[in-house]
Amino acid sequence: MEQIVILDFGSQYTQVIARRIRECKVYCAIVPCQTPAAEIARLRPKGLILSGGPASVYAPRAPLPDAGIFTLGAPVLGICYGLQLLAQFLEGKVEPGTKREYGKGQLTVKDPACPLFKGVPETSQVWNSHGDQLTRLPKGFKAVAVTENSRYAAVEHRGRKMYGLQFHPEVVHTPSGREILANFVHGICGCGGEWTMRHFIDQAVDDIRSQVGPEKVILGLSGGVDSSVAAALLHKALGDQLTCIFVNNGLLRAREAETVQEVFGRHFKIHLVYEDASRKFLQRLKGVTDPERKRKIIGTTFIEVFQDATHEVGQPQFLAQGTLYPDIIESIPIAGNPAAKIKSHHNVGGLPKKMKLKLVEPLKCLFKDEVRQLGLELGLPKEMVYRQPFPGPGLAVRILGEVTASRLEILRNADWVVIEEMKKSGWYYKIWQSFAVLLPVRSVGVMGDERTYDYTIALRVVDSQDGMTADWVKLPYELLETMSNRIINEVKGVNRVCLDISSKPPATIEWE
Ligand code: XMP
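Residues numbered from 1 in each chain as written. Predicted model: local features only at pLDDT ≥ 70, side-chain atom pairs only at ≥ 80, totals over all residues. Heavy atoms only, no water.

Draft legend 1. Up close: the side chain of Glu421. For Glu421, the position within the fold is in helix α15 (residues 405–425). In this structure Glu421 comes out as buried when scored by relative accessible area, which is 6%. (Helix = DSSP H or I, 4+ residues; strand = E, 2+ residues; numbered from the N terminus. Buried < 20%, exposed > 50% of the residue type's maximum accessible area, 1.4 Å probe, protein only.)

This is how it looks when you write it as structure tokens:
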């Protein structure tokens, strides 16, 4: 199979480069930067990409590639640190820049005949992130593009098919970046572009089998997109070696437990352990109103129930998780970053260590939209693959104050109306999240001739790219009216519906 090999020098964008290559429908492998040239040669790469990295090429312990890679004959593209390595190995010169160049810059193409810039406008925006700079070109190279701060923003040795970019073509802030990478992959390396998600599945199945061998694997199924796709993929690779554990914590939405049993148990015929622990969760949540305590109780109870359920599986050696690439990046602890906390809870971080299991994470190089594509390819229903995000602690974070069975019932019914109406109107799949929140206040109303004293539901409908910031969605009045009427008429215990019109920040998406 035609492939591009990316040598990873530790950039946080290495996987983004891989993603861009996949978008060109070309297979790519990421290998550690010091992989011996002979081993890389065995992969018969059509081209090599040297990623960026946090080090400085002249630092004492800078990661360096095997010099043999430059004589393999495959075209080479060095990105940022990768460019500086090219210079270092081919006798150019790299020096610390006078100031760190970070952020947007304007690229001007000096040689439009350079195959890297085919179809790229003469000037375009690029994104930089580097301290060191190339100050002397290696022999035989010439500059083919510049930015305000760099005479050597892009360099070329056309004869040897070697290229270097000072900026990052892989990030979205370099709008022509996709074009540039596509030019490298197709135009310069001559890759066709027949690789598809089907091929990804074949490769992933092989990888999973060789990692797991004959051992048993367990996977916590939440019904969310990531764990569902991971389950379907692992099942394809491992069949009966996989057991999925689905814990009903009593905080699920209407019909959720049934759907999971239907899809995974009956349709895919996956070994499914269904643990109905609703009573245990509810008992422990009795009288608890503090949001953080609620989360803690739910987290520890989940681990306990999950651990008990694994006893039914025999002796599993592996725990599978639907970790995605952005999860890995976000879980790198950054002081004060609340995302890290959310993810650690969500992915029940302590679980593998506590249970002495090895991890299988077959989705960890994929982005969310790729996971969705994969899910469809594996035959998961569209409703599951395009499901809106739902927090691990479930409806508990959408009931303010104490979580009780009767409040759960009210919220579940109101939530069902919201889901139904959002889907019916076509809005459900256009936005990030839409849900109901149960407020712990009751107010007076009239129904028929009777006075009521019932709860208030808040509607929360937001749009977002990644959940970090969000805007409230301006739904049509008619749709809001239908949802409000239906909730008040159909959900016993509610006599008022409000609309949340706050953005994040300063508000959060969930109310808690
Ligand atoms: P907030 O409320 O912090 O939510 O603005 C941001 C996004 O994260 C989801 N969320 C969670 N997801 N476990 C999860 O898996 C959690 O504990 C959790 N808390 C919030 C929330 O639904 C939104 O999409």
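Having seen it, we continue.
Draft legend 2. Geometry of the pairing of strand β1 (residues 3–8). With five of six residues buried, β1 lies mostly within the body of the structure. Pairing of β1 with strand β2 (residues 27–32), which is carried by six bridges, proceeds in the parallel orientation. Counterpart to Ile6 in the pairing with β2 is Ile30. Each parallel crossover has a hand, and the one from β1 via helix α1 (residues 14–23) to β2 is right-handed. Bridge count for β1 against strand β3 (residues 47–50) is four bridges, and the pairing is parallel. Across the sheet, the residue bridging to Val5 is Leu48, located in β3. (Pairing = 2+ DSSP bridges. Right-handed = clockwise from strand over helix to strand, strands pointing away.)

Draft legend 3. Highlighting the packing of aromatic side chains. Counted according to the given criterion, the structure contains 11 aromatic pairs. Ring centres of Phe264 and Phe268 lie 6.0 Å apart, and the angle between their planes is 25°; this geometry places the pair in the stacked category. Taken individually, Phe264 and Phe268 each receive the classification buried, so the pair is uniform in this respect. The interplanar angle of 85° and the centroid separation of 6.5 Å between the aromatic rings of Tyr386 and Tyr429 together place this pair among those described as edge-to-face. With Tyr386 in the loop between α14 (382–385) and α15 and Tyr429 in the loop between α15 and β15 (433–447), the pair connects residues that are 43 residues apart, well separated along the chain. Classification of Tyr429 by relative accessible area gives partly exposed; the value is 34%. Among the aromatic residues, those joined into a ring-pair cluster are Tyr13, Tyr102 and Trp127. We note Lys423 situated over the ring of Tyr428; from NZ or CZ to the ring centre the distance is 4.9 Å. Residue placement shows Lys474 over the ring face of Trp472; its charged tip is 4.4 Å from the ring centre. (Phe/Tyr/Trp six-rings, centres within 6.5 Å; stacked < 30°, edge-to-face > 60°. Lys NZ or Arg CZ within 6 Å of the ring centre and 35° of its normal.)

Draft legend 4. Structural context of the pattern of salt bridges. For the structure shown, the criterion picks out 22 salt bridges. Between Asp369 and Arg19 there is a salt bridge; the shortest N-O distance is 2.6 Å. Placement of Asp369 in helix α13 (residues 368–377) and of Arg19 in helix α1 is noted, with a sequence separation of 350 residues between them. For Arg19, a relative accessible area of 12% corresponds to the buried category. Through salt bridges with shared partners, one network takes in Arg19, Arg20, Glu23, Arg178 and Asp369. (Salt bridge = Lys/Arg side-chain N within 4 Å of Asp/Glu carboxyl O.)

Draft legend 5. The arrangement of the pairing of strand β16 (residues 450–463) in detail. Of all the 14 residues making up β16, 10 are buried; the element is thus mostly covered by neighbouring parts of the structure. Inspection of the sheet shows β15 paired to β16 by 13 bridges, in the antiparallel sense. Following the sheet pairing, Met447 is matched in β16 by Glu450. Connecting β15 to the antiparallel partner β16 that follows it, the hairpin turn spans two residues, and Gly448 within it adopts a positive phi of roughly 65°.

Draft legend 6. Here's a closer look at the sheet that holds β1. The strand order β2-β1-β3-β4-β9-β8-β7-β5-β6 describes an open sheet built from nine strands, whose pairing is mixed. One side of each edge strand has no neighbouring strand; the edge strands of this open sheet are β2 and β6 (123–136). Pairs of neighbouring strands in the sheet enclose a mean axial angle of 25°, with direction left out of account. Examined bridge by bridge, strand β5 (residues 93–109) and strand β7 (residues 142–147) share two bridges and lie antiparallel to one another. Across the sheet, the residue bridging to Val109 is Ala145, located in β7. (Axes fitted to C-alpha atoms, helices over the stretch in contact; angles between N-to-C directions.)

Draft legend 7. Molecular detail of the nonpolar core. Counting residues in hydrophobic clusters, the biggest one holds 48 residues, and the most contacted among them are Ile218, Met422, Ile457, Leu475, Met483 and Ile487. Every element with two or more residues in this core is listed here: β11 (242–248), α8 (278–285), α9 (291–310), α15, β15, β16, α16 (477–490) and β18 (494–499). Residue contributions to this core peak at eight residues, all from α15. Mapped onto the domain boundaries, this core takes at least three residues apiece from domain 2 (197–385) and domain 3 (404–500). With residues up to four places along the chain from it excluded, the contact list for Leu475 reads Met422, Trp427, Val461, Leu480 and Met483. Residues Trp195, Ala204, Val212 and Leu221 belong to the second largest nonpolar core, which totals 44 residues. (Core = buried A, V, L, I, M, F, W, Y, C linked by side-chain atoms within 4.5 Å. Domains from an automatic or database assignment. Contact = heavy atoms within 4.5 Å.)

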